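Examination of the molecular architecture
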Amino acid sequence: MSRFTKSFDTIGAVALAIVWIAPLVFAVWAAVHTTSDAVNFRLTSPWTLDNFRTAWDGAPWGKYFLNTFILVTIVLIGQFIVTTLAGYAFAQVQFPGKDFAFLLVLLQLFILPEVLIVENYAMVSRLGLFDSILGVGMPYMASAFGIFLMRQAFKSVPIELDEAARIEGCSRLGILLKVYVPLAKPTYLAYALVSVSTHWNNFLWPLIVTNSPDTRPLTVGLSIFGAPENGVDISIISAATVMSVAPLLIAFLIFQRQFVQAFLRAGIK
Amino acid sequence: MTRAFVTLDNIGKRWNGQLGVEGITLDIEEGEFVALLGPSGCGKSTTLRLLAGLEVPDEGQIIIDGTDVTGASAAKRNLSMVFQSYALFPHLSVAENVMFGMKVRRVPKKERLEKLHNALDITGLLGLEDRKPGELSGGQRQRVALARAIVAGQKLCLMDEPLSNLDAKLRAAVRKDIKKLQNDLGITIVYVTHDQTEAMSMADKVVLMKDGVIQQTGTPEQLYSEPATTFVAEFVGAPPMALIEGRALKGFKDDQTIGVRAERMQLVQAGQGRLACTVTDCEFLGAETFIGLEHPSANGLTVKLDGKAEMTIGSGVEITFADQDLHVFGPDGRRVQPENIPTVLEEE
């Protein structure tokens, strides 16, 4: 590669990184300054934590955090159970109509979740799960992407390992839990990352299916907090936003090596 | 009549109409070392998998230790298996791999650790308990697979080409280890291999297969000195038996094939031999030299000479052999016993 294209690559990468990180940097900047200092970019102006105090007192954030945390946990557990069983069935079990059923699952990948909002709403109401955290998480548990991912991971497990476990007297469920699941660990980790960040940030569906502070996740709480009728104060909204993305950001910074490795390993297969 | 420890009775298995194995009938005595030998695709691995319960036969009956296990699951057959790829669980340590089956069967912890120690001691793996398979050499992995197979104390052990991933030197060493292990533990081993040296050197009984059918069952000596078909003659022995068309020799019918071993042929002076050939190659192996010869109506002609011998490639030589050293095969490739040629058995 010539030196020109190499430096062009570097400049491009840096430019993209700046564009990508700018909103986050601005939110952090605005959150620690008064509104007028923030919007006028007075770089020498004093820092303050008042915005965080005001924002924290303005809404039941503790409850929202807890709700989001419970939501992503429930969704992840449900997804792990469903995608493990379905992925194993599609990868290693022979049954009539298997290919057709898998095709239907794959078709689900092409449908935007937003298209199904009305139908999901009706279904969740019928199940009596309206305005509950379980109701928010339920429609996402049978994840087509997850089933596909697990199927690929299980397919890459050498069949001799399955046979060796069978000769040792392992039951089918035993083989799944003792052989397939541990070997698919990188895939589980990568999938967990995608799932948690998606559902941490999900907004439209929780907005529709929740209507009380007891069940609302962070994103919905944040939007109500920042709604025009409450008066738009960019610093306070930024402070609230920084608060709500902080746990995810910190977790990613701590585990980033494992995450990247998990993705690489899951991708190689 | 004493009942055999393992009996395969007329076993057949087809894959989508294609032949897998056909009419496999085999008795295995307790404590016997049986080698299933044959080229790739001959059905030897399929036979082993049918015996293991990893496949279900389309027809026939399998009896292990007096119980009909034809349709039984692998777990219920009380056997252990060593896979070609070793099939070690990469996420488990050596100790966990060896104890895997005992944990599944809920063997008490104390007994488990005792047996683990024993198995690792026998296989020389003590001190490597906490390593993962990925941190072991090929030979060590092979021994972990062996340890896992013997730790359960099953009387029947199946091995699917367990040495094919090792280098030649290690292979010879492990061959001896397996043989010794079998003697010490008194277990019955069914061993699949495509390497005739392995089968001949280790087995009490060799089962030679081709295209899903057993060609010959017998001791290594029987297969070597009394091959039932031309295929057996060409497969067993290094170098394999030379096959000569009947019409090239006096006193034989045109449609017969005559087989003769390299060590039974002698080079003679021109005019005194039974066959005139051309030298194609010289293979010096230290104690002996194999001279490859060419004749228009013969296959695999080789003469074994002691020590070092120099031959000019392309030069003409004549060879001779005694009548009693000849093996005669009919037009269908099966061995025939002509009246005028005493068989090796009668000779003994």
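All residue numbers refer to positions counted from 1 along the written sequence of the respective chain. Going through the entries in the order they are written, you letter the chains from A and number the ligands from 1. Under the rules for a predicted model, residues below a pLDDT of 70 receive no local features and side-chain atom pairs below 80 are neither given nor counted, while totals for whole chains, interfaces and linings still include all residues. With hydrogens and water set aside, each side-chain value is computed from the structure's full complement of heavy atoms.

Focus: empty space enclosed by the protein
Cavity: a set of points on a 1 Å grid over the protein atoms alone where a 1.4 Å probe fits but cannot get out. Pocket: an open set with protein on both sides within 12 Å along at least five of seven lines, its lining residues, like those of a cavity, having an atom within 4 Å of a point. Grid points are joined across faces, edges and corners, and a volume is the space filled by probe spheres set on the points. With the rule as written, the count across this model stands at three cavities of 30 Å³ or more. Residue lining of the second largest cavity: Ala164, Ile167 and Glu168 of chain A together with Ser80, Met81, Phe83, Ala145, Arg148 and Ala149 of chain B, and that is the complete set. Those elements that provide at least two residues to the lining of the second largest cavity are α9 (159–167) of chain A together with β6 (79–82) and α4 (138–151) of chain B. No other element matches α4 of chain B, which puts three residues into the lining of the second largest cavity. Here the term charged refers only to Asp, Glu, Lys and Arg, the term nonpolar to Ala, Val, Leu, Ile, Met, Phe, Trp, Tyr, Cys and Pro, and the term polar to all other amino acids, Gly among them. Per-class residue counts for the lining of the second largest cavity are six nonpolar, one polar and two charged. A helix here means a DSSP run of H or I that spans at least four residues, while a strand means a run of E at least two residues long, and both kinds are numbered starting from the N terminus.

Notes on the interface of chain A and chain B
One frequently used descriptor of interface size is the decrease in accessible area upon assembly of the parts. Residue contacts are defined here by distance: any two heavy atoms, one from each residue, within 4.5 Å place the two residues in contact. Residue-level contacts link 14 residues of chain A with 21 residues of chain B. In this description, buried area is defined as the sum, over both parts, of the accessible area (probe of 1.4 Å) that is lost when the two are combined. Contact with chain B buries surface across chain A, with Glu163, Ile167 and Glu168 of chain A losing the most and accounting together for 43% of the total. In protein, a polar contact means a hydrogen-donor-capable atom and an acceptor-capable atom, both N or O and within 3.5 Å, with residues adjacent in sequence counting only if both atoms are side-chain atoms; elsewhere, any N or O pair within 3.5 Å suffices. For the interface between chain A and chain B, the tally reads three residue pairs in polar contact (both at pLDDT 80 or more). Elements with a contribution of two residues or more to the side of chain A that touches chain B: α9 and α10 (172–183) of chain A. Across the side of chain A that touches chain B, the residue classes tally to eight nonpolar, one polar and five charged.

A short note on a positive patch on the surface
Among the surface-exposed residues, Lys178 of chain A together with Lys103, Arg106 and Lys109 of chain B lie close enough to one another that they form a single positively charged patch. Structurally, Lys178 of chain A can be placed in helix α10. A 1.4 Å probe rolled over the protein chains alone gives each residue an accessible area, and that area as a share of the maximum for its type sets the label: buried under 20%, exposed over 50%, partly exposed in between. On the basis of relative accessibility, which here comes to 38%, the residue Lys178 of chain A falls in the partly exposed class. A patch consists of residues whose relative accessible area exceeds 30% and which take part in no salt bridge; residues with like charges are grouped when within 9 Å of each other, and nonpolar side chains (Val, Leu, Ile, Met, Phe, Trp, Tyr) when within 5 Å. Throughout, the Shrake-Rupley method with a 1.4 Å probe supplies accessible areas, and for residues the shown protein chains are the sole cover considered. The term salt bridge refers to a side-chain nitrogen of Lys or Arg lying within 4 Å of a carboxyl oxygen of Asp or Glu. His is not counted here, nor are the chain ends, while Lys and Arg score as positive and Asp and Glu score as negative. Taken as the charge centre is NZ of Lys, CZ of Arg, CG of Asp or CD of Glu, depending on the residue.

With respect to the nonpolar core
Put simply, buried Ala, Val, Leu, Ile, Met, Phe, Trp, Tyr and Cys residues joined by side-chain atoms within 4.5 Å make one nonpolar core. By size, the foremost hydrophobic cluster in this structure holds 54 residues, and its most contacted members are Phe154 and Val179 of chain A together with Leu158 of chain B. Looking at this core, the element that brings in the most residues is α10 of chain A, giving five residues. Those residues in contact with Val179 of chain A that sit more than four places away from it in its chain are Val157, Leu161, Ala165 and Gly174 of chain A together with Phe89, His91 and Phe100 of chain B.

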